[in-house]
Amino acid sequence: MKISLALAGIVLIGTSVAACTGGDGTDGGAESTYCQDIAAARPTFESLSSGDLTKLEEGFATFHRLADEAPDGLEDQWKTLDDAATSVEEKIKEAGLTFDDLPDIQSGKIPEGVSVDQLTAFAADLQKLNNSAFADARADISKQAKDVCDVNLGAS
């Protein structure tokens, strides 16, 4: 069913959040605030990558903050990923969902007031995020996280 595609898309973004934290290309290196923020966010991102959608809203807020701190040379990659997270947030609202609904959907329950058609449209919108630009940005940022911040989030 297409509802499972929606969940797969959400998990894809969550996994990408875990994989897409970067390093600070400036002089601070692993001691920079940016790298410290990535290390502090690691447990949330690991929960997301394991499919735990209860941390998605927190993960996206952290993701937006880290995108605002994008290191030199990775601004475009972060914009690609931050735009994807923003798109998911918008699609959640358009589908009549909240972040709190996502774990229920994951367990097969359709939230009250939300139709299968809305969930199907939501799944289709999420599938649009599965593209090469997204994958390339993710890979670049993941490499920077490992090389500069000494934070391995499992995607490098």
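Here, every reference points to the structure presented above.
Presented here is a report on the structure given in the accompanying data block. (Residues numbered from 1 in each chain as written. Predicted model: local features only at pLDDT ≥ 70, side-chain atom pairs only at ≥ 80, totals over all residues. Heavy atoms only, no water.)

## Some details on the packing of aromatic side chains
Counted under the stated rule, the structure contains two aromatic pairs. Where Phe 60 meets Phe 99, the ring centres are 6.0 Å apart and the plane angle is 85 degrees; that geometry is what we call edge-to-face. In this pair, Phe 60 is assigned in helix 3 (residues 56–68) and Phe 99 in the loop between helix 4 (75–94) and helix 5 (102–106), connecting sequence segments 39 residues apart. Note on Phe 99: relative accessible area 15%, which makes it buried. When the ring of Phe 63 is compared with that of Trp 78, the centres are 5.4 Å apart and the planes differ by 55 degrees; the resulting orientation is tilted. (Phe/Tyr/Trp six-rings, centres within 6.5 Å; stacked < 30°, edge-to-face > 60°. Helix = DSSP H or I, 4+ residues; strand = E, 2+ residues; numbered from the N terminus. Buried < 20%, exposed > 50% of the residue type's maximum accessible area, 1.4 Å probe, protein only.)

## Observations concerning the environment of Asn 130
Relative to the helices and strands, Asn 130 resides in the loop between helix 6 (116–127) and helix 7 (132–149). The class for Asn 130 is exposed, based on a relative accessible area of 54%. Residues Asn 130 and Ala 84, spaced 46 residues apart in sequence, show a C-alpha to C-alpha distance of 9.7 Å.

Nothing here speaks to function; it is geometry throughout.
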